[in-house]
Amino acid sequence: MGVLASGGGSILQAILDARLPVAVVLVDRDCGAAAIARGAGIPLEVVERVSYLPDRLAFTHAVVDALRAHDVDLVAMAGFMTILDKPVFDAFDGRIVNTHPSLLPSFRGAHAVPDALAFGAKVTGCTIHVATVEVDDGPILAQEAVVVGVDDTDSTLHERIKTVERRLYPAVLARILEGDIRL
Ligand code: GRF
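What you see is a predicted model; the values in this text were computed from it and never measured. (Residues numbered from 1 in each chain as written. Predicted model: local features only at pLDDT ≥ 70, side-chain atom pairs only at ≥ 80, totals over all residues. Heavy atoms only, no water.)

Chemist: Can you help me understand the overall build of the protein in this one?
Modeler: Within the protein, the secondary structure is distributed over 7 helices and 7 strands. Counting helices and strands in the order they occur from the N terminus, the protein gives β-α-β-α-β-α-α-β-α-β-α-β-β-α. Here the C-alpha atoms of the protein give a radius of gyration of 16 Å, agreeing with the 16 Å that 2.2 N^0.38 yields for 183 residues. Counting only C-alpha atoms and orienting by the principal axes, one finds that the protein spans roughly 45 × 40 × 30 Å. Burial statistics for the protein: of 183 residues in total, 46% are counted as buried. Looking at the protein as shown, the accessible area adds up to about 8700 Å², and 53% of this sits on carbon and sulfur atoms. (Helix = DSSP H or I, 4+ residues; strand = E, 2+ residues; numbered from the N terminus. Rg over C-alpha atoms; globule rule 2.2 N^0.38 Å. Buried < 20%, exposed > 50% of the residue type's maximum accessible area, 1.4 Å probe, protein only. Areas by Shrake-Rupley, 256 points an atom, 1.4 Å probe, with all protein chains shown as cover.)

Structure follows, in structure tokens:
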């Protein structure tokens with residue numbers, strides 16, 4: 001599979017720790033996830049979002065080409081911060097999965113954790129789902145709740161959610177690869 005990331009890469013690290021077969025890590029910027037891939041000796045593709053601005057379609061085609069070059073047949077988004085266009089969902093039809101730090105359909109988008117806090121949610125969590133061209137949409141594969149504490153900040157709450165994601169996401173990916181979950 002190919003893993004798409006833009007951030008610190010702790011979810012990528014959990015996927016690697018679970019010994020899942022990662023053929024390539026693709027990042028849209030230099031980031032912690034890129035350093036993790038380099039350190040682990042996993043092939044790395046850097047498709048810089050800024051090099052393609054504002055052309056989302058051309059960026060998406062570059063991502064598809066890079067994934068195809070590594071014979072990827074399952075794509076795992078792990079904190080990838082660029083919205084991709086239709087061609088990637090055509091190329092890997094129903095074979096792109098994502099982890100999102102809220103209980104979808106609540107709190108879609110890039111600010112799910114602060115949005116849940118600002119709304120006063122008492123429970124949030126994470127969702128593993130099939131990614132579609134609509135952002136943070138698509139069939140839900142797994143969810144787990146996280147209780148919001150009265151003293152939580154964005155970072156303490158996100159870290160507790162990520163602790164769950166690091167366990168749940170590799171487990172779901174393993175079940176997909178084993179054919180136990182059919183996409
Ligand atoms: C995760 O919470 C993921 O759900 C969100 O970005 C975070 C990635 O964390 N989309 P990391 O960069 O893997 O630590």
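Chemist: Please clarify how the pairing of strand E2 (residues 24-27) should be interpreted in this entry.
Modeler: If a strand is regular, its side chains alternate between the two faces of the sheet. Burial along E2 is two-sided: Val 24 and Leu 26 and Val 25 and Val 27, pointing in opposite directions, are all buried. Pairing geometry for strand E1 (residues 2-5) and E2, over 4 bridges, is parallel. Residue pairing across strands places Val 3 opposite Val 25, the latter belonging to E2. By the bridge criterion, 3 bridges tie E2 to strand E3 (residues 44-46) in an arrangement that is parallel. Across the sheet, the residue bridging to Leu 26 is Glu 45, located in E3. Read from E2 through helix H2 (residues 32-40) to E3, the crossover connection turns out right-handed. (Pairing = 2+ DSSP bridges. Right-handed = clockwise from strand over helix to strand, strands pointing away.)

What is shown is where atoms sit, not what they do.
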